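Residue strings, one per chain:
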Amino acid sequence: MGSVIIGTGVAVPPRIVTNDDLAAIMDTSDEWIRSRTGVRQRHIADPGVGASDLAADAVVEALRDAAVAPEDVDVLITATMTPDQFAPGISGMVQDRCGLGHIASFDLRQQCGGYLYGLDLADALLRSGKARCVVVVGAEVHSGYMPYGASWEILRGQRSGPADPVDHAAATEARGWAVLFGDGAGAAVLATDDGPGTGFVGSVLRTDGSHADLIEVPGVGFRHQPYVDAAQLEARAHWPSMNGMELFRQAVTCMPAAVREVLAGADLTVDDLSLVIAHQANDRILDGVRKQLGVDADLVPSNIARYGNTTAATLPILLHEQRAAGRIEPGDLVCFTAFGAGAHWGASLYRVPGAR
Ligand code: UT7
């Protein structure tokens, strides 16, 4: 018995912030952001909208797409690094908002690798017979990290510039990571399937905790007593801290290696692949992955220009778009791959049910 994807859904906040909008509140430019990352715009949530809200909307759409009633879901897996509040996680909020039963639900904290881990866990639950229908949703509201102060009013069109010099300086200090990220959610419904050799046919999940400091939020944690205080905020310990260049190097090495490893384990090669749904962190990382695998842009598509990096939501948003565009056909071999904070990375192989 295997597990197959029977529905997908996406939810992004309607407000869009372009690179030019960011250039009005910090020292950056559309040219820099586009040429170094491929990002042209990102969606941003309004205050009061949490990852659980976007996740719930994506789950509702995915259930509708799959024609599955909320009461028929057995397990809900939510992946996020930007939960609505410190505790509890968002899975219970999503379960409640979507009208799911009193089912098992849990959060994953594998950042950009979260959705890949979620798919693998869902497959294991379905394959073992512990569940017959599992929903996996990745959702992020990164906007809460952004130290834009009163400049948010400019981004939200509530007033025109110029930005206050103190806000401008803080935003510029954060520009190395702040311009990369966007908000959004994507979900998939998975169910058991009896088809021979279809569904998830292999996976490789990896962790190297010695690289946890490549991208981390070092403060607001229980090694500190109290866990949050003015000193940490003063030291910007609640901001992401990122070694972009080394992350870049790791991502272009680890993702192709995981893809090759999972293919080899299934006695398949790169030539057998119909599509690679790869984590969207930077267009130049995607170029590196294509080069390492010896494939073209059509096989490893990108949508980062429109969303930025939505961390746990990049895989399901791209999956949903590729399904909608008719790029996923019966018999196709799809590879999912991601690399992210932790460091957690890997790849999984999915054979679309039905004959070619
Ligand atoms: O999923 C995990 C999330 N993160 C990633 O995957 C990130 C992976 N890494 C990357 O995508 C790239 O390393 C970045 C896009 C973050 C940076 O690109 P880069 O080509 O490695 O640039 P850099 O960090 O070496 O910075 C080059 C220059 C620096 O100025 P100086 O020191 O040369 O004068 C930066 O201060 O660009 C400057 N810079 C910016 N300039 C304008 C950094 N951010 C910006 C910005 N606008 N937003």
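Here, residues in each chain are numbered from 1, in the same order as that chain's written sequence. Confidence filtering applies because this is a predicted model: local features only for residues at pLDDT of at least 70, side-chain atom pairs given and counted only at 80 or more, and all residues used for totals across whole chains, interfaces and linings. With hydrogens and water set aside, each side-chain value is computed from the structure's full complement of heavy atoms.

**Quick word on the pairing of strand 6 (residues 133-140)**
Counting buried positions over the 8 residues of strand 6 gives 8, a clear majority of the element. Here the term buried applies to any residue with accessible area under 20% of the maximum for its type, exposed to any over 50%, and partly exposed to those in between, with areas from a 1.4 Å probe on protein chains only. Runs of E in the DSSP output that reach at least two residues are strands. Runs of H or I that reach at least four are helices, and both are numbered from the N terminus. Side chains C133, V135, V137 and A139 project from strand 6 onto one buried face, and the interleaved V134, V136, G138 and E140 project onto a second face that is buried too. When DSSP finds at least two bridges between two strands, those strands are taken to pair. In terms of strand pairing, strand 4 (residues 75-79) meets strand 6 through 5 bridges, oriented parallel. Counted as the bridge partner of A79 is G138 from strand 6. One ladder, built from 8 bridges, connects strand 6 with strand 7 (residues 184-193); its direction is antiparallel. Bridge pairing in strand 7 links G138 to G186.

**Some thoughts on the site of the ligand**
Any residue with a heavy atom lying within 4 Å of a molecule or strand is counted as near it. Close contacts around the ligand come from 20 residues, with T28, R36, C112, G244 and N282 the closest. Counting of polar contacts relies on pairs of N or O atoms within 3.5 Å, with two restrictions inside protein: one atom must be capable of donating a hydrogen and the other of accepting it, and residues adjacent in sequence are counted only when both atoms are side-chain atoms. One of the side-chain nitrogen or oxygen atoms of T28 is found 2.6 Å away from a nitrogen atom of the ligand. Within the side chain of H279, an N or O atom sits 3.3 Å from an oxygen atom of the ligand. Breaking the shell around the ligand down by element, the ones donating at least two residues are helix 2 (30-37), helix 8 (175-178), helix 10 (244-265) and helix 11 (283-293). Top contributing element to the shell around the ligand by residue count: helix 10, with 4 residues. Ten residues, namely Ala, Val, Leu, Ile, Met, Phe, Trp, Tyr, Cys and Pro, are considered nonpolar, four, namely Asp, Glu, Lys and Arg, are considered charged, and the remaining ones, Gly among them, are considered polar. Taken together, the residues of the shell around the ligand break down into 10 nonpolar, 7 polar and 3 charged. Shared between two domains, the shell around the ligand takes at least three residues from each, and those domains are domain 1 (2-193) and domain 2 (199-351). The domain limits used here are those given by an automatic or database domain assignment.

**Topic: the domain arrangement of the protein chain**
Looking at the protein chain, the domain boundaries give domain 1 (2-193) and domain 2 (199-351). Using only C-alpha atoms to locate each centre, domain 1 and domain 2 end up separated by 15 Å. Residue contacts follow a heavy-atom distance rule, with two residues in contact if any of their heavy atoms lie within 4.5 Å. In this complex, domain 1 contributes 57 residues to the contact, which on the side of domain 2 involves 49 residues. Here the buried area means the combined drop in accessible surface, using a 1.4 Å probe, for two parts upon being joined, counting both sides. For the pairing of domain 1 and domain 2, the buried interface totals around 4100 Å² over both sides, and the portion due to carbon and sulfur atoms is 65%. When the buried surface of domain 1 facing domain 2 is broken down by residue, C112, L116 and Y117 rank first, second and third, together holding 17% of it. Salt bridge, as used here, is a side-chain nitrogen of Lys or Arg placed within 4 Å of a carboxyl oxygen of Asp or Glu. Our enumeration of links across domain 1 and domain 2 arrives at 2 salt bridges. Counting across the interface, domain 1 meets domain 2 through 23 residue pairs in polar contact (both at pLDDT 80 or more).

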